[in-house]
Amino acid sequence: LLPIGKTIRHFHDPLKALNDFFISYNHADTFAAEKASALTVLKKKLHTGKNYVEKTSGKIQSLQTENNFKLWADLLMANLYSLKAGSELVVLPNFYQENQPVEIKLKSALSPQKNAEVFYTKAKKQQLEVSRLQQTVLHKKGEIVDLEGKIEQLETVSDLKALRTLLKTVGFDNTLEKQAESLP
């Protein structure tokens, strides 16, 4: 045979050469496939996590800027003396913003005080939701940092045995990940 390229090993027996080539090729192919599969799963999780943080942060921002429920409740309570029961819409001066008029839709079946109570309840639920979302964003950011570390470790591995050891130590099982992805 003519020597082409870089010679890794010399063999005198063609069967031994073919067996060694098959084992080496199979080893390299398995390594590349497992590494690519693990990286794909981790990068997908990373992308999903970043999208979640982005969307949830936007939702937190919008919830924090629109605090209409508390404002409406405060305005209703401050103007209870001038409101009549059964009103569906009232226009009240906003004492927080230079007495600009604010339209507030009310439930006509409730008294103005009960409407204010409903708005206070909604404002409180809104605050609780913001708090809960902030906690989940912090948790998800921690997961993102962890995933970035795992990806970095995975990219530096150059041997199948080391790859499998790393996958076990980081708690990554390819078969479990594939099963989890197929579930709705």
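As shown above, the structure is provided for reference.
Cut-offs used in this document
- Residues numbered from 1 in each chain as written.
- Predicted model: local features only at pLDDT ≥ 70, side-chain atom pairs only at ≥ 80, totals over all residues.
- Heavy atoms only, no water.
- Salt bridge = Lys/Arg side-chain N within 4 Å of Asp/Glu carboxyl O.
- Helix = DSSP H or I, 4+ residues; strand = E, 2+ residues; numbered from the N terminus.
- Buried < 20%, exposed > 50% of the residue type's maximum accessible area, 1.4 Å probe, protein only.
- Phe/Tyr/Trp six-rings, centres within 6.5 Å; stacked < 30°, edge-to-face > 60°.
- Core = buried A, V, L, I, M, F, W, Y, C linked by side-chain atoms within 4.5 Å.
- Contact = heavy atoms within 4.5 Å.
- Axes fitted to C-alpha atoms, helices over the stretch in contact; angles between N-to-C directions.
- Parallel < 35°, antiparallel > 145°, perpendicular 65-115°, else oblique.
- Left-handed = near helix turned anticlockwise from the far one by under 90°.
- Nonpolar A, V, L, I, M, F, W, Y, C, P; charged D, E, K, R; others polar.

Participant: Mind showing me how you'd approach the pattern of salt bridges here?
Facilitator: If the charged atoms of two oppositely charged side chains come close together, the side chains can form a pair. Tallied over the full model, the rule gives nine salt bridges. The salt bridge involving K43 is made with E155; its shortest N-O contact spans 3.6 Å. One end of the pair, K43, is in helix α1 (residues 14-65); the other, E155, is in helix α3 (residues 112-156), with 112 residues separating them in the sequence. Since its relative accessible area comes to 42%, K43 is described here as partly exposed. Take E155: its relative accessible area is 42%, and that puts it in the partly exposed class. When the shortest N-O distance is used, the salt bridge between D146 and K150 registers 3.5 Å. A residue pair is termed a helical-turn pair when its members lie 3 or 4 positions apart in one helix, as D146 and K150 do in helix α3 at four residues. Relative accessible area serves as the criterion here: at 42%, D146 is assigned to the partly exposed category.

Participant: Mind showing me how you'd approach the packing of aromatic side chains here?
Facilitator: The geometry of two aromatic rings is summed up by the distance between their centres and the angle between their planes. Evaluated as defined, the whole model comprises five aromatic pairs. Centroid distance F21 to Y25: 6.0 Å. Interplanar angle 25°. Geometry classified as stacked. Remark: Y25 and F21 occur in helix α1; sequence separation between them is four residues, near one turn of the helix. Taking relative accessible area as the criterion, Y25 reaches 51% and is therefore assigned exposed. Seen from their ring centres, F69 and F119 are 6.3 Å apart, and the 20° between their planes marks the pair as stacked. Pair noted here: F69 is in helix α2 (residues 68-78) and F119 is in helix α3, with a separation of 50 residues, a long-range link. Given the relative accessible area of 6%, F119 is considered buried. An aromatic cluster is defined as three or more aromatic residues linked by ring pairs; in this entry it consists of F69, W72 and F119.

Participant: Would you take a moment to explain unusual backbone geometry for this structure?
Facilitator: For E98, which is not a glycine, the phi torsion comes out positive at approximately 50°. Relative to the helices and strands, E98 resides in the loop between β1 (89-94) and β2 (100-105). Positive phi values are uncommon outside glycine, yet N99 reaches one of about 60°. If you trace the backbone, N99 turns up in the loop between β1 and β2.

Participant: Can you help me understand the nonpolar core in this one?
Facilitator: Note on soluble globular proteins: their nonpolar side chains tend to be buried together. L42, L154, L163, L167 and F172 are the most contacted members of the largest nonpolar core, which has 22 residues in total. Listed by contribution, the elements that provide at least two residues to this core are α1, α3 and α4 (160-169). A per-element tally of this core places α1 first, with nine residues. Beyond its immediate stretch of four places on either side in the chain, L167 contacts A38, L154 and F172.

Participant: Can you walk me through the packing of α1 against α4 in this structure?
Facilitator: The relative placement of two packed helices comes down to the angle between their axes together with the axis-to-axis distance. Running from N to C, α1 and α4 cross one another at 30°; their axes reach a closest spacing of 9 Å. When the axes of α1 and α4 are compared, the pair comes out roughly parallel. Every pair of crossing elements has a handedness; the one defined by α1 and α4 is left-handed. Side by side, α1 and α4 meet where H27, T30, F31, E34, K35 and A38 of the first sit next to L160, L163, R164 and L167 of the second. A class-by-class count of the residues in the contact of α1 with α4 yields five nonpolar, two polar and three charged.

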